[in-house]
Amino acid sequence: MQNNVTTLSTNLKNLIRKYEHKTFIAHWSFYTNMHYRNNSVLKVELKSPIRQLTYLISLYHRTGFGGNERFEAYSDDYTKIVNLLNDIEEQYSITSEEYKNSGFNSENAEKLFISNSTFLNFYLNAPLTYTEQDIEKIRKTFIHFESLIVEEYGLTIDDFINFYIGLCNLETERYEKYYDHTHEQRDLILKARDYPEDLTRQEASDLLEITDNGIFNLGIPIERVKSLLPEDKIKTLLAIFTLTREENVNYLYYSDSCPYLLQPILLMDGDHLVMIFSKQLINATYDFLFDFCSTIDSDGRRVLDQRENYLEVKTADLFKSFFGKKAKVYTNYYVTKQEKDLLVVINKYAFIIECKANKYRIPFRDPLKAFDRIKDDFKRSIGKGYLQAREMEELVLAGQPFHIKNHRGEIIDKIYPGKIHEVFSIVVTQERFGQIECNLAHLLEVEDDNDYPWAIAVDDLETFLITLSRKQNHLQEFVTYLTAREKLHGRLFCYDELDLGALFLMQPKVFFSYCNHFASVIMSPDMNKFFDELYSIGLGFKNELHLDKKKQREAPIAYALLKELKLGRPKM
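Described below are features of the structure shown in this document. Note that residues are indexed from 1 along each chain, following the sequence as it is written. Side-chain atom pairs in this predicted model are given and counted only at pLDDT of 80 or more, local residue features only at pLDDT of at least 70, and totals for whole chains, interfaces and linings cover all residues. Heavy atoms from the whole structure form the basis of all side-chain values; hydrogens and water molecules are not counted.

**Here's the deal with the overall build of the chain**
- Working definition: helices are DSSP H or I runs of at least four residues, strands are E runs of at least two. Numbering for both runs from the N terminus. Scanning the chain for helices and strands turns up 25 helices and 13 strands.
- For the exposure calls, accessible area comes from a 1.4 Å probe over protein chains only, and a residue counts as buried if that area is under 20% of its type's maximum, exposed if over 50%, partly exposed in between. Split into buried and exposed, the 572 residues of the chain put 53% on the buried side.
- The contact definition used throughout considers only heavy atoms, calling two residues in contact when any of these lie within 4.5 Å. For the chain, the share of sequence-separated contacts (at least 6 apart) that also reach a separation of at least 24 residues comes to 75%.

What follows is the structure in structure tokens.
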């Protein structure tokens, strides 16, 4: 595989280095934004558009200036680039069965699959969260270090957030003008899309000029950016988050760390900037602040403690809101000498929840060497959470009443297991672990008669719960989901729990058929767009952005989903 990847990656880098900077950056920014905004512009479909395009841009920025060939929309080279990106990804997207067929024994084939799937999840997946979640996480994690951040950079937490929101608003303004511009040329654009072979030479020339001018005008004037905050703050923020272009012969692979993810602002020319994926700026902000705060003390413990505290408080708030006032919720409680995170008792159900904010380490590139590190990180996070939850689960299943105590050893309540008919263990993680979190059978050892827990990243948990809470009988729906979902471990290929959550809500018969049969299940990676449709008209986050616009938006698909699935409107 390595030789194929090297050849393909080298071919791609040599192909793109010949293009002059402005046209290449402007056009690919346009492609990415149009795909992200409309899901319908790429002439040749990419398998994983966001991660492939962030790799492409990173690769281009690791070539030196010098290319002077003009990049043209939908040229033959455009198709070559897309095909090379797809060919490269295919080299990494190998299942454990394919490894076995390639001659590896079963044990090594499984290790290779786990290592590669985790590797790709770590390097190639931009965080799949909503802006409101990222802003909340930044505020509540780093506010405790704000004085140190101001001392070092002259920037408050609000400066970082307002810069992001302001820049996104400027970008949206440019795209709204672009839509007006293209509407005037609608007939020619439609002809080019549907009957390109019928274009006259003059029409083709006119179309090229229209396309280039329209795309270049999407660049955000740096002078406008300077109006968002005092100029010294803007200079600092641009210095932190702008990706500069320089030759680096060692940067080549799809699985190399992606520079764009840390510096998502690009210079189109000396006076304009663009973002190929504007959401990445708030993700990069979190990473930047976390890295800085990790240097405050020798072991980075202070920021890790705040990260863990945020996760526990956030998780408790989510379940309190979901279950309502009828639920008994115990946080940071004691039954034995070890503190437990969260216990929810409602009706005949008990939910034992443990929170794990561990950051997993950068995986080694060699998949066999990487496996031991991945397994160790999994054990310290999801594995440990399961063992802590299982201890409580066994106590409930034993059937004997027991006391709940606070940190001072004071009794605050008594639990009567005889009143509890079903117990569910849940491990909530700060980060998304991808395939190994969705299919726990890869790395989690459980006794034959024990169920797997439900492991889920906190942002996915929030999205799923606030959507499920809009169902009339959401408690029973949740129990039904957890009971059926547990059956998928051992045969599931899925990187995102929200793909399963969306399938459960939209196509329950299909979901249950997957759960109740014994065949392998390969989830479609775009099922979670269901939640994006709902988000377009208001998902239900606290302090959700742009609600006034959302309420006025024409979104027939979203409103049809509300009606068909009998989803109530969220609490705003």
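**A few points about the nonpolar core**
- By size, the foremost hydrophobic cluster in this structure holds 81 residues, and its most contacted members are Trp28, Phe142 and Phe163.
- Among the elements that make up this core, the one with the highest residue count is helix H9 (residues 157-184) (10 residues).
- Those residues within four positions of Phe142 in sequence are excluded, and the remaining contacts are Ile149, Ile157, Tyr286, Leu289, Phe290, Cys293 and Val303.
- Listed in part, the 61 residues of the second largest apolar core include Phe322, Cys494, Phe511 and Met527. Among buried residues, the Ala, Val, Leu, Ile, Met, Phe, Trp, Tyr and Cys ones that are joined through side-chain atoms within 4.5 Å form a nonpolar core.

**Section: the packing of aromatic side chains**
- Any pair of Phe, Tyr and Trp rings, taking the six-membered ring for Trp, is counted once the centres come within 6.5 Å. Such a pair is stacked with planes under 30 degrees apart, edge-to-face with planes over 60 apart, and tilted for the rest. Within this structure, the stated rule accounts for 41 aromatic pairs.
- Judged by centre distance (6.1 Å) and plane angle (40°), the rings of Phe160 and Phe288 are tilted. Of this pair, Phe160 sits in helix H9 while Phe288 sits in helix H15 (residues 280-293), and the two are 128 residues apart along the sequence.
- Using a relative accessible area of 1% as the deciding quantity, one classes Phe160 as buried.
- Remark: a charge is flagged as sitting over a ring if the NZ atom of Lys or the CZ atom of Arg is within 6 Å of the ring centre and within 35 degrees of the ring normal. Sitting over the ring of Phe216, Lys22 keeps its end group 4.6 Å from the ring centre.
- Between Arg245 and the ring centre of Tyr60, over which it is positioned, the NZ or CZ distance is 4.0 Å.

**Observations concerning empty space enclosed by the protein**
- Grid points spaced at 1 Å over the protein atoms alone were grouped into cavities, where a 1.4 Å probe fits but cannot get out, and pockets, open sets with protein on both sides within 12 Å along at least five of seven lines, with lining residues defined by an atom within 4 Å of a point. Grid points are joined across faces, edges and corners, and a volume is the space filled by probe spheres set on the points. All chains considered together, the criterion is met by 4 cavities of 30 Å³ or more.
- Considering only enclosed or pocket space, the largest cavity measures out at about 50 Å³ in volume.
- Arg432, Gly434, Glu437, Cys438, Ala455, Ile456, Ala457, Asp460, Tyr495, Asp496 and Glu497 together form the lining of the largest cavity.
- Per-element accounting of the lining of the largest cavity gives the leading share, 3 residues, to strand E11 (residues 454-457).
- We call Asp, Glu, Lys and Arg charged. Ala, Val, Leu, Ile, Met, Phe, Trp, Tyr, Cys and Pro are nonpolar, and the rest, Gly among them, are polar. Among the residues making up the lining of the largest cavity, the classes are represented as 5 nonpolar, 1 polar and 5 charged.

**Focus on the environment of Ser469**
- Following the sequence through the fold, Ser469 ends up in the loop between helix H19 (458-468) and helix H20 (474-485).
- Here Ser469 falls in the partly exposed class, since its relative accessible area comes to 30%.
- Distance from Ser469 to Ser321, taken between C-alpha atoms, is 8.9 Å for residues 148 residues apart in sequence.
- Once you skip the residues sitting within four places of it in the chain, Ser469 turns out to touch Phe322 and His474.

**Side note on the packing of H19 against helix H21 (residues 497-506)**
- The axes used here are C-alpha line fits, helices contributing only the stretch in contact, and every angle between their N-to-C directions lies in the interval 0 to 180 degrees. For the pair H19 and H21, the least separation of the axes is 10 Å and the interaxial angle reads 10°. Our classification of the angle between H19 and H21 gives roughly parallel. Contacts from Asp460, Thr463, Phe464, Thr467 and Leu468 of H19 reach H21 at Glu497, Leu498, Gly501, Phe504 and Leu505.
- Here the contact of H19 with H21 is composed, by residue class, of 5 nonpolar, 3 polar and 2 charged. Any angle that falls under 35 degrees is termed roughly parallel, while one over 145 is termed roughly antiparallel, one within 65 to 115 roughly perpendicular, and all others oblique.

**A few points about the pairing of strand E7 (residues 349-356)**
- Counted residue by residue, E7 has 8 buried out of 8 residues, so it is predominantly covered.
- Strand pairing follows a simple DSSP-based rule, namely that at least 2 bridges must link the two strands. Here strand E6 (residues 339-346) pairs with E7 via 5 bridges, running antiparallel. Counted as the bridge partner of Val345 is Ala350 from E7.
- Between E6 and E7, which follow one another and run antiparallel, lie 2 residues, and Asn347 among them has a positive phi close to 55°.
- In this structure, E7 lies alongside strand E10 (residues 422-429), joined through 8 bridges in parallel fashion. Across the sheet, residue Ile352 finds its bridge partner in E10, namely Ser425.

**Observations concerning the packing of H20 against H21**
- Close contact between H20 and H21 brings their axes to 12 Å; oriented N to C, the two are set at 120°. As the angle between them shows, H20 and H21 are arranged oblique. In the crossing of H20 with H21, the sense of the turn from one axis to the other is right-handed. Residue-level contacts link Glu477, Thr480, Tyr481 and Arg485 of H20 to Glu497, Leu500, Gly501 and Phe504 of H21.
- Classifying every residue of the contact of H20 with H21 by side-chain character gives 3 nonpolar, 2 polar and 3 charged. Here is the rule for handedness: rotate from the far helix to the near one, and if that takes an anticlockwise turn smaller than a right angle the crossing is left-handed, while a clockwise turn gives right-handed.

**What to know about the pattern of salt bridges**
- One side-chain nitrogen of Lys or Arg within 4 Å of one carboxyl oxygen of Asp or Glu is enough to make a salt bridge. All chains considered together, the criterion is met by 28 salt bridges.
- With a shortest N-O distance of 2.7 Å, Lys233 and Asp159 are connected by a salt bridge. Taken together, the residues Lys233 in helix H13 (residues 231-241) and Asp159 in helix H9 connect sequence positions 74 residues apart. Accessibility assignment for this pair places Lys233 and Asp159 in one class, buried.
- Here the salt bridges share partners, and the residues they tie into one network are Lys18, Glu69, Asp77 and Lys80.

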